[in-house]
Every structure is written in structure tokens, then in C-alpha cells.
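Structural characterization, general
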Amino acid sequence: MADRILVHRLAVFARHGMLPEEERLGQRFYISLDCRLDLSEAGRSDDVAATVSYADLSQIALDIATNRRFALIEALAEAIATTCLATFPRLETIAVRIDKPSAPIPAVLDYAAIEIVRGRPKTERT
């Protein structure tokens with residue numbers, strides 16, 4: 001599927017990480033979503049019911065990132081992907097990227113990041 005809904009670099013302040021300082025102090029994270037689904041019906045009908053709202057996708061990511069705590073950003077990404085796929089049956093696949101610009105490592109870098117891609121089993125797709 002070539003159609004995509006993109007949410008790029010949603011900024012959140014949260015307390016994820018393995019170190020006690022990360023829980024105590026918190027830090028900024030950027031969350032990006034790349035959702036694959038068929039947008040042709042929405043394009044023809046101009047009806048939001050035929051798509052997935054990027055505002056709703058953003059709210060799910062924001063809620064999970066700010067109301068739960070994860071030692072690993074991989075687990076944060078997995079929770080976001082699982083929830084989005086469960087909430088929006090129209091989604092075929094979702095890529096979730098978490099950027100951690102203040103990763104506590106002894107090096108000068110722009111950010112550390114992970115990206116996961118999750119989808120429905122082919123039997124669930126229409």
C-alpha cells in the first residue's frame with residue numbers, strides 16, 4: 001500500500017529510560033508515525049470517517065508516552081503501535097520511530113532513535 005498518514009516528530013516530555021536520573025529528571029522525546037492504509041475512499045468522499053484522523057493518532061502516542069513509563073524506548077514504540085492497530089482497523093501497517101535527543105551516553109550526537117514496523121496478519125486485512 002502506497003498511501004500513508006504521517007505524524008512527524010511529535011514532541012513529548014516524559015520519564016522513559018533505564019537510569020534513575022531519567023525517571024527523576026525526564027527528557028524530551030520525538031515520536032513519528034508512518035501509517036499505511038488505503039486512502040482512496042477518503043479522497044473520493046472527502047469524509048473523515050473513511051480515514052484515520054492524524055489528531056487521534058497523535059493523541060494516542062501522547063497519552064501513552066506521558067502516562068506510562070518504560071525503561072526502553074522499544075517498549076514505548078511497541079505500546080503505541082499495538083494500541084493504534086487495535087484502535088484503527090483501517091491501518092494496515094504502522095512504523096513508530098522514537099528519537100531520544102538527550103540519550104545519556106558519553107558521546108556527542110544529535111540523537112539516538114529506534115524504529116519498529118508492525119502490521120496486521122494477512123488474514124485480518126481486507
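This write-up is about the structure you can find in this document. For clarity, every value in this text was computed on a predicted model and none was experimentally measured. (Residues numbered from 1 in each chain as written. Predicted model: local features only at pLDDT ≥ 70, side-chain atom pairs only at ≥ 80, totals over all residues. Heavy atoms only, no water.)

1. Quick notes on the state of the cysteines
- What the rule picks out here adds up to zero disulfides.
- No disulfide involves Cys35; its sulfur sits 6.1 Å from the nearest other cysteine sulfur, which is in Cys84.
- Exposure remark for Cys84: the relative accessible area of 0% places this residue in the buried category. (Disulfide = S-S within 2.5 Å. Buried < 20%, exposed > 50% of the residue type's maximum accessible area, 1.4 Å probe, protein only.)

2. Some words on the environment of Ala81
- Relative to the elements of secondary structure, Ala81 occurs in helix H4 (residues 73-87).
- Once residues within four sequence positions are removed from consideration, Ala81 is found in contact with Ile94, Val96, Ile116 and Arg118. (Helix = DSSP H or I, 4+ residues; strand = E, 2+ residues; numbered from the N terminus. Contact = heavy atoms within 4.5 Å.)

3. Topic: unusual backbone geometry
- The phi dihedral of Arg9 is positive, around 60°, even though this residue is not glycine.
- Following the sequence through the fold, Arg9 ends up in strand E1 (residues 4-14).
- Judged by its relative accessible area of 34%, Arg9 falls in the partly exposed class.
- Not every positive phi belongs to a glycine, and Asp46 is a case in point at roughly 60°.
- With respect to the secondary-structure elements, Asp46 resides in the loop between helix H2 (40-45) and helix H3 (54-67).

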